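Residue strings, one per chain:
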Amino acid sequence: MRYYHSYMDRQEISPSAHEKLLNLCAERKLPCRPWVRYAALAACAALILGVGVWGLNPGSTADQPGSPSPVDQVPAPTEAVNLPQLDDAQPVEPPEGFVVSGPAQGDKLAFPMIPYIHYQDVSAVPETAASRAFAPGSFTVDLTREDIQAIFWGAQGKPEAGHPKTEQGDLPWMLFWDGYTVHGYAWYDGQGQLTELTIRGDKGRASFTLELRLGALPFTCCVDMSRGDQISQFNGVDIAAWSRVYDRDGDGLADYICGSEFMTPDDIGVRFENHNSAMEAEYDGGTGGVDPALDGACTFNALFVRQALTADGGLHLDHLMAADYIPSWREESFDTLDQARQEADFAPYLPAAEPEGYSAYIGNKDFHGHLSYQEGRRNMLFVRWSRGYDNVEVEVNSPEGNSTSHYEPVDINVPESYDARLYDIPWCDSVPEEYRMDFYSVTFRAEDMSLEAVMAREVPHDTGGSSFHFSVLHPNSVVVSYSCDGMTARQVWDLVEPTLA
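Residues numbered from 1 in each chain as written. Predicted model: local features only at pLDDT ≥ 70, side-chain atom pairs only at ≥ 80, totals over all residues. Heavy atoms only, no water.

**Quick word on the overall build of the protein chain**
Part 1: For the protein chain, the count of helices and strands is ten helices and 22 strands.
Part 2: Looking at the protein chain as a whole, 48% of its 501 residues qualify as buried.
Part 3: Nonlocal contacts in the protein chain, meaning residues at least 24 apart in sequence, comprise 67% of its contacts between residues at least 6 apart. (Helix = DSSP H or I, 4+ residues; strand = E, 2+ residues; numbered from the N terminus. Buried < 20%, exposed > 50% of the residue type's maximum accessible area, 1.4 Å probe, protein only. Contact = heavy atoms within 4.5 Å.)

This is how it looks when you write it as structure tokens:
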């Protein structure tokens, strides 16, 4: 275990991947609007669905005193949740989004018939994650309010309200997305053809993610469950659904998670997952009234399934099938360092020769070089040498859009912010909090680089020797990142010094 902890303490992600993780994981803290106008209806309405009864109450048990499901009684996954591996070349910046407003006559609306769906309890099943690769040239386009509305209403747009019970708000009211802040983006391939899209919504502790993909289920980390006879059907469509309850964010409160996936008759793959809900309910597909918070989350999920698979609803993607503009792009692989050095813009920052001790591996699979360019997003060249468990990696990022703007250099006069020799492993216990975020992936200014700076980033390597991880910010905003195993500080400095001229 000593070697395991030593290894894990030295694991890093690149600054660009770290930035994208922060963007992806940032949650909006928005006031939760009470569902007051639906409460009166809940008191006098009950729908018999199969053998279950569905009703609606305002609020969520997670926010109510005396919640019936304290976290210490909630079954947790048997393993920690794995984060998916991010494609470092594919940033996704969440737009501002919009807050969904409900219909003005909401107090006169009738409840919808809600489909019966069995949400298999997978609380004890570990969540899994998988890596995925995007097609060369793939890019995202933020969805506008109008784009999202057309997904649910089609080209005809918002239906006219001929009767108070058919009145709509920003989106079909039967989604019950009122008060959620909604935003989304569409993925296009290098030829500008739609491949998939994502819509996210947040409302206090409640949130949801809708993913759509043409012709197949979306590429998403999902629970690996044995479905067997747990498949439900609605309007002739097979639906796999699941639920889990545990404290997913460590805030001491139970989280109620429900998901469903299916293929629409129009061959659109759908995955819809919601975390918590702004409602309580009694729904036979969940716990049948035993846990109103979980039943409310199941109800919220089933409401979306109904909207997606009814004749007066559906999902419409015709308006998004082709992008208005395709950014230029280029992807290139190299078998040798000499080939990589033919890229004139990158050559000054690449090693002039194979790293010492790695030359015997030239020409085989232990060298890899790759160039990735996309207009307005990235311009990067990466080379790697491998020798058993040791790797030498050099990544050159030339400014393209804001691709290098998040590399913040350290103050060379404050060694506490970068010098690994000052702290004991694990760093999470020894590095002061004010330096912790940048300490794992330090960036130096080119004018501050020296052999001493390299030595300050030296840490023990599991297979012997040392490892070094740092980046260098050049005056022209080019950033060169180094990750070197099994080398001495002098050998690493020999890679860096020629690039500083």
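Here the narrative resumes, following the displayed structure.
**Section: the nonpolar core**
Generally speaking, nonpolar side chains in soluble globular proteins are found buried as a group.
Part 1: Counting residues in each nonpolar core, the largest one holds 56 residues, and the members touching the most others are Ile151, Phe152, Trp177 and Phe304.
Part 2: Within the residue set of this core, elements represented by two or more residues are helix H4 (145–153), strand E7 (181–188), strand E8 (194–203), strand E9 (206–214), strand E11 (237–246), strand E12 (255–263), strand E13 (268–275) and helix H5 (292–309).
Part 3: The contact partners of Phe304, leaving out residues within four places of it in the chain, are Phe152, Leu175, Trp177, Leu210, Phe262, Val270, Phe272 and Leu315.
Part 4: Within the second largest apolar cluster, 37 residues are counted, among which are Ala340, Phe468, Val492 and Val496. (Core = buried A, V, L, I, M, F, W, Y, C linked by side-chain atoms within 4.5 Å.)

**Things to note about the pattern of salt bridges**
Part 1: Across all of its chains, the model carries ten salt bridges by this definition.
Part 2: Here Arg330 and Glu332 are joined by a salt bridge, their closest N and O atoms 3.5 Å apart.
Part 3: You can call Arg330 partly exposed: its relative accessible area is 33%.
Part 4: A relative accessible area of 32% means that Glu332 is categorised as partly exposed.
Part 5: Of the charged contacts, one joins Asp390 and Arg387 as a salt bridge, the two residues approaching to 3.4 Å between their closest N and O atoms.
Part 6: Residue Asp390 is classed as buried on the basis of its relative accessible area, which comes to 9%.
Part 7: Connected through shared salt-bridge partners, Arg205, Asp251 and Asp255 make up one network. (Salt bridge = Lys/Arg side-chain N within 4 Å of Asp/Glu carboxyl O.)

**Examining helix H10 (residues 489–496)**
Part 1: Counted residue by residue, H10 has six buried out of eight residues, so it is predominantly covered.
Part 2: Every buried residue of H10 is listed here: Ala489, Gln491, Val492, Trp493, Leu495 and Val496.
Part 3: In the core, the buried residues of H10 are packed alongside strand E18 (390–397), helix H9 (451–455), strand E20 (458–460), strand E21 (466–473) and strand E22 (479–487).

**Thoughts on H5**
Part 1: Here H5 is 18 residues long and its end C-alpha atoms lie 25 Å apart, about the 26 Å a rise of 1.5 Å per residue gives.
Part 2: With respect to burial, H5 is a largely interior element, 17 of its 18 residues being buried. (Expected span 1.5 Å × (residues − 1).)

**What about the confidence of the model for the protein chain?**
Part 1: Of the residues in the protein chain, 72% have a pLDDT of 70 or more, and the chain-wide mean is 77.
Part 2: Between residues 1–95, whose pLDDT stays under 50, and residues either more than four places distant or in other chains, the model counts 189 contacts.
Part 3: Across residues 360–364, where pLDDT falls below 50, the model places four contacts with residues more than four positions away in sequence or in other chains. (pLDDT = per-residue confidence, 0-100.)

**Digging into the environment of Phe139**
Part 1: The topology assignment puts Phe139 in strand E6 (residues 139–142).
Part 2: Distance from Phe139 to Ala186, taken between C-alpha atoms, is 8.3 Å for residues 47 residues apart in sequence.
Part 3: In this view, Phe139 contacts Ala186, Trp187, Tyr188, Asp189, Gly192, Ala323, Tyr325, Ile326, Pro327, Gln374 and Arg377; residues no more than four positions away in its chain are not counted.

**What to know about the environment of Ser328**
Part 1: Relative to the helices and strands, Ser328 resides in the loop between H5 and strand E15 (329–334).
Part 2: Given the relative accessible area of 36%, Ser328 is considered partly exposed.
Part 3: In the structure, Ser328 is positioned 48 residues away from Gly376 in sequence and 8.9 Å away in space, judged by C-alpha atoms.
Part 4: Apart from residues no more than four positions distant in its own chain, Ser328 is found in contact with Tyr373, Gln374 and Glu375.

**Observations concerning the environment of Thr299**
Part 1: Mapping Thr299 onto the fold places it in helix H5.
Part 2: Spatially, the C-alpha atoms of Thr299 and Ile114 are 7.8 Å apart, while their sequence positions differ by 185 residues.
Part 3: A polar side-chain atom of Thr299 sits 2.8 Å from the main-chain carbonyl oxygen of Asp295. (Polar contact = N/O pair within 3.5 Å; in protein donor to acceptor, adjacent residues only side chain to side chain.)

**Considerations on the packing of aromatic side chains**
Part 1: This model, assessed by the stated rule, comprises 18 aromatic pairs.
Part 2: Between Phe272 and Phe304, the aromatic rings sit 4.4 Å apart at their centres with planes inclined by 20°, giving stacked as the arrangement. Linking Phe272 in strand E13 with Phe304 in helix H5, this pair joins segments that are 32 residues apart in sequence.
Part 3: Residue class for Phe272 comes out buried when judged on its relative accessible area of 0%.
Part 4: Among the residues examined, Phe304 registers a relative accessible area of 0% and is labelled buried.
Part 5: A centroid spacing of 4.9 Å and a plane angle of 85° characterise the contact between Trp427 and Phe439, whose relative ring orientation is edge-to-face. Taken together, the residues span a long stretch of sequence, with Trp427 in helix H7 (residues 427–430) and Phe439 in helix H8 (residues 433–439) at a distance of twelve residues. Neither Trp427 nor Phe439 differs from the other in exposure class; each is buried.
Part 6: Linked through ring pairs, Phe152, Trp177, Tyr180, Phe208, Phe272, Phe300 and Phe304 together constitute an aromatic cluster. (Phe/Tyr/Trp six-rings, centres within 6.5 Å; stacked < 30°, edge-to-face > 60°.)

**Observations regarding the pairing of E13**
Part 1: Burial within E13 is extensive, with seven of its eight residues counted as buried.
Part 2: In this sheet, E13 lies alongside E9 in antiparallel orientation, the contact comprising eight bridges. When the bridges of E13 are listed, Glu211 appears paired with Arg271.
Part 3: In terms of strand pairing, E12 meets E13 through seven bridges, oriented antiparallel. For Cys258, the partnering residue across the bridge sits in E13 and is Asn274.
Part 4: Taken together, E12 and the strand that follows it, E13, pair antiparallel across an intervening segment of four residues, in which Asp267 is found at a positive phi of about 65°. (Pairing = 2+ DSSP bridges.)

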